[in-house]
Amino acid sequence: MKLLSKLSLFCCLFAVLVFTGCQKQSMTTQSEKTGWKYNKPDQGFFNVNTVYHGKCPMGMIYIPVSTAVRGQNSEMMSIPENNAKKRVAASGFYMDEYEVTNLNWREYIAWLEGVYAHDLTKVVLALPDESVWRKELAYNEPFVRDYFTHVAYGFYPVVGVSWRQAVAYCEWRTDRLNENELILRGVIPYKPLTLINEQIRNDKPDSARKYFFTTKYARDYVTYTNMNADDLGDVYFDPDYRYDLNGDDEISADEWKIALDGVLYDAEIRLPTETEWEYAAYGLETYRGMYQQTNTYPWAGDQMRELDDKDKRGDFYANFLRGRGDPIGVQLNGTLTVPVTFFQPNGFGLYNMAGNVNEWVKDVYRANTNFVDEVNSFRGNEFESDSLYAENVLTKHFAGLSPQVRDSMRKVLINERGITKTGGDYRDFKDGDKQSSINDSVLVYKDLTPIEKASLYSNTARVYKGGGWNDRSIWLNPSNRRALEETRCRNDLGFRCVMSTVGGNEHSREYYYKDK
């Protein structure tokens, strides 16, 4: 009797488990709201990519989500009090392990030389300013001649690059990163630069985006390239038909859009915001997304030399200006900078977040930092106009619209949907900077705008941080900040890049629901 009861109980439990298991449905194959199948032309109507495969960009490290104390954490001494303490939160992001090197920049120049062989203006405008090494009372001509181009300096940080040039590099790098990904996945063919140059040279000046890949117009490029695959000459291309989601032996513009979704990287390569850079520089491990205190530098303690490790005792943690006439923390190849891999990384694995060269960040400079957003704080937003925003909406959702239909739909978005107030320049928003106001009678500033008179900085002055080979140690503190016009450059100023994450870090995800 007992055996029969146990058997009956076991059967009931087994039936419950089977029933429950059968009801667990993948949200990636059908709608949990309507029951219609995805990517099934005979059972549904919706073609979509539902599984997210995040990935870490080449050369970058994931910096986790956090809330942290940002701002001054050392005695002011002789530096300006321009970074008030505040607690802010930052979304997770990826950051370059190393500063951008001369070799990285030469790769960029080589691409420009190939694509724009007929218009070298674009190449010349991208070259770093090697004259930044020249000084009135110093012989630095070997640096002027060799620093950027010589093989010995390939892995040294690029300098003589303005903020605007750094932004252009970030955009180019985004495009090349995504283009390589699509080529490897069989979405688009590899095209030699000579072929691209020939196509651009023989067509209208504004048609370049048809012939080389840009992330902004990725869908147009993929559709156009695959529709005109027979015109690629010697370029062999057999598109991967796994993107034929509905099985009709053709890949529509809509299916190419889906092919790009999740295949392209999460976001664009860009310069870090000041909040991101400062948080990443400390390299502190967090507890449940928070830390309560900061270091003085990107390493523990407030010393500039290694004291604990007997094998490295006395070694510097960074290269910086030790004193008058002593700017070289480390002698290497007789130079002032060092290779980007030379010193030990911080807690996140990032190299040279202090010393070597200062680094550009994305923010517009203001001496007063009391007014910030508590999440992803940043000053420098210039939002696109209503018309441009509407145009980008159409580009994102529709392919192959005629100019007439596109113009009509743009008007619908603006007039009937009421898309308004998306544009605007917010670099001066809640500026509140009266600390460095000047007397209007000073003639040298008589033509400045009110905000420029208030702060002595224009809306094109950008923050840089980190300290360089020619700075005293106090500038190696991640909280300290300075500014330079975005068109100017220095011989101790470089940069590194970041990328925002979308939906978390690089782990894959799949969702399930229970069908009742």
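Residues numbered from 1 in each chain as written. Predicted model: local features only at pLDDT ≥ 70, side-chain atom pairs only at ≥ 80, totals over all residues. Heavy atoms only, no water.

Asks: Give me the overall build of the protein: which residues, what numbers.
Replies: In terms of regular secondary structure, the protein is built from twelve helices and 16 strands. Scored against the burial criterion, the 516 residues of the protein give a buried share of 45%. At a minimum sequence separation of 6, the contacts of the protein that also span at least 24 residues come to 72%. For the protein, the exposed area adds up to about 28000 Å²; of that, 54% sits on carbon and sulfur atoms. (Helix = DSSP H or I, 4+ residues; strand = E, 2+ residues; numbered from the N terminus. Buried < 20%, exposed > 50% of the residue type's maximum accessible area, 1.4 Å probe, protein only. Contact = heavy atoms within 4.5 Å. Areas by Shrake-Rupley, 256 points an atom, 1.4 Å probe, with all protein chains shown as cover.)

Asks: Please give an account of the pattern of salt bridges that cites residues and values.
Replies: Considering all chains together, one arrives at 19 salt bridges under this definition. A salt bridge links E274 to K465; its shortest N-O distance comes to 3.2 Å. Placement of the pair is E274 in helix α9 (residues 274–282) and K465 in strand β11 (residues 461–465), with a sequence separation of 191 residues. Here E274 and K465 have matching classes, each one buried. A salt bridge links R462 to E486; the shortest N-O distance between them is 2.9 Å. A residue pair is termed long-range when its members are at least 10 positions apart, and R462 in strand β11 and E486 in the loop between β12 (482–485) and β13 (493–494) qualify at 24 residues. On the accessibility criterion, E486 (5% relative accessible area) is buried. (Salt bridge = Lys/Arg side-chain N within 4 Å of Asp/Glu carboxyl O.)

Asks: Talk me through the sheet that holds strand β3 (residues 60–63); I want residue IDs and the actual numbers.
Replies: Strand order in the open sheet formed by four strands is β3-β6-β14-β7, and the pairing between neighbours is antiparallel. The open sheet has two edge strands, β3 and β7 (269–270), and neither has a second partner. Note: β3 against strand β6 (residues 93–96), four bridges, orientation antiparallel. Bridging across to β6, M60 finds its partner in D96. Along the sheet, α9 makes contact with β3, β6, β7 and β14 (498–500), crossing β6 at roughly 70°. (Pairing = 2+ DSSP bridges. Axes fitted to C-alpha atoms, helices over the stretch in contact; angles between N-to-C directions.)

Asks: Give a detailed account of the nonpolar core, specifying residues and quantitative values.
Replies: Core analysis: the biggest nonpolar cluster contains 37 residues, and W105, Y169, F212, W360, F495, C497 and M499 have the highest contact counts within it. Mapped onto this core, the elements with two or more residues apiece are α2 (102–115), α3 (121–126), α5 (163–184) and α6 (193–201). Sequence-distant contacts of F212, defined by excluding residues within four places in its chain, comprise W111, V115, Y116, I196, I200 and Y221. By size, the runner-up hydrophobic cluster in this structure holds 19 residues, among which are Y279, F348, V361 and Y365. (Core = buried A, V, L, I, M, F, W, Y, C linked by side-chain atoms within 4.5 Å.)

Asks: Outline helix α11 (residues 403–416), listing residues and values.
Replies: Compared with the 20 Å implied by 1.5 Å per residue over 14 residues, the 19 Å span of α11 between its first and last C-alpha is a close match. Residues of α11 that are buried include every one of R406, R410 and L413, and no others. For α11, the buried positions fall inside an angular range of 60° around the axis, keeping them on one side. Opposite the buried face of α11, at more than 90 degrees from it, the exposed residues are Q404, N415 and E416. Backbone geometry just after α11 places G418 at a positive phi near 75°. (Expected span 1.5 Å × (residues − 1). Arc of directions from axis to C-beta.)

Asks: Provide a residue-level description of the packing of aromatic side chains, including the pertinent values.
Replies: The description of two aromatic rings rests on the distance between their centres and on the angle between their planes. For the structure shown, the criterion picks out 24 aromatic pairs. With a centroid separation of 6.3 Å and an interplanar angle of 65°, the aromatic rings of W111 and W172 are classed as edge-to-face. Pair noted here: W111 is in helix α2 and W172 is in helix α5, with a separation of 61 residues, a long-range link. We note that W111, like W172, is buried. A connected cluster of aromatic rings, assembled from ring pairs, spans W105, Y108, W111, Y116, Y169, W172, F212 and F495. Taking the ring centre of W163 as reference, the NZ or CZ of R462 above it sits at 3.7 Å. (Phe/Tyr/Trp six-rings, centres within 6.5 Å; stacked < 30°, edge-to-face > 60°. Lys NZ or Arg CZ within 6 Å of the ring centre and 35° of its normal.)

Asks: How would you sum up the sheet that holds β13? Please name residues and give values.
Replies: With mixed pairing, four strands are arranged side by side in an open sheet as β12-β11-β8-β13. In this open sheet, the two edge strands, each paired with only one partner strand, are β12 and β13.

Asks: Can you lay out α9 for me, pointing to particular residues and giving the numbers?
Replies: Counting buried positions over the nine residues of α9 gives nine, a clear majority of the element. Immediately downstream of α9, the backbone of G283 shows phi near 65°, a positive value.

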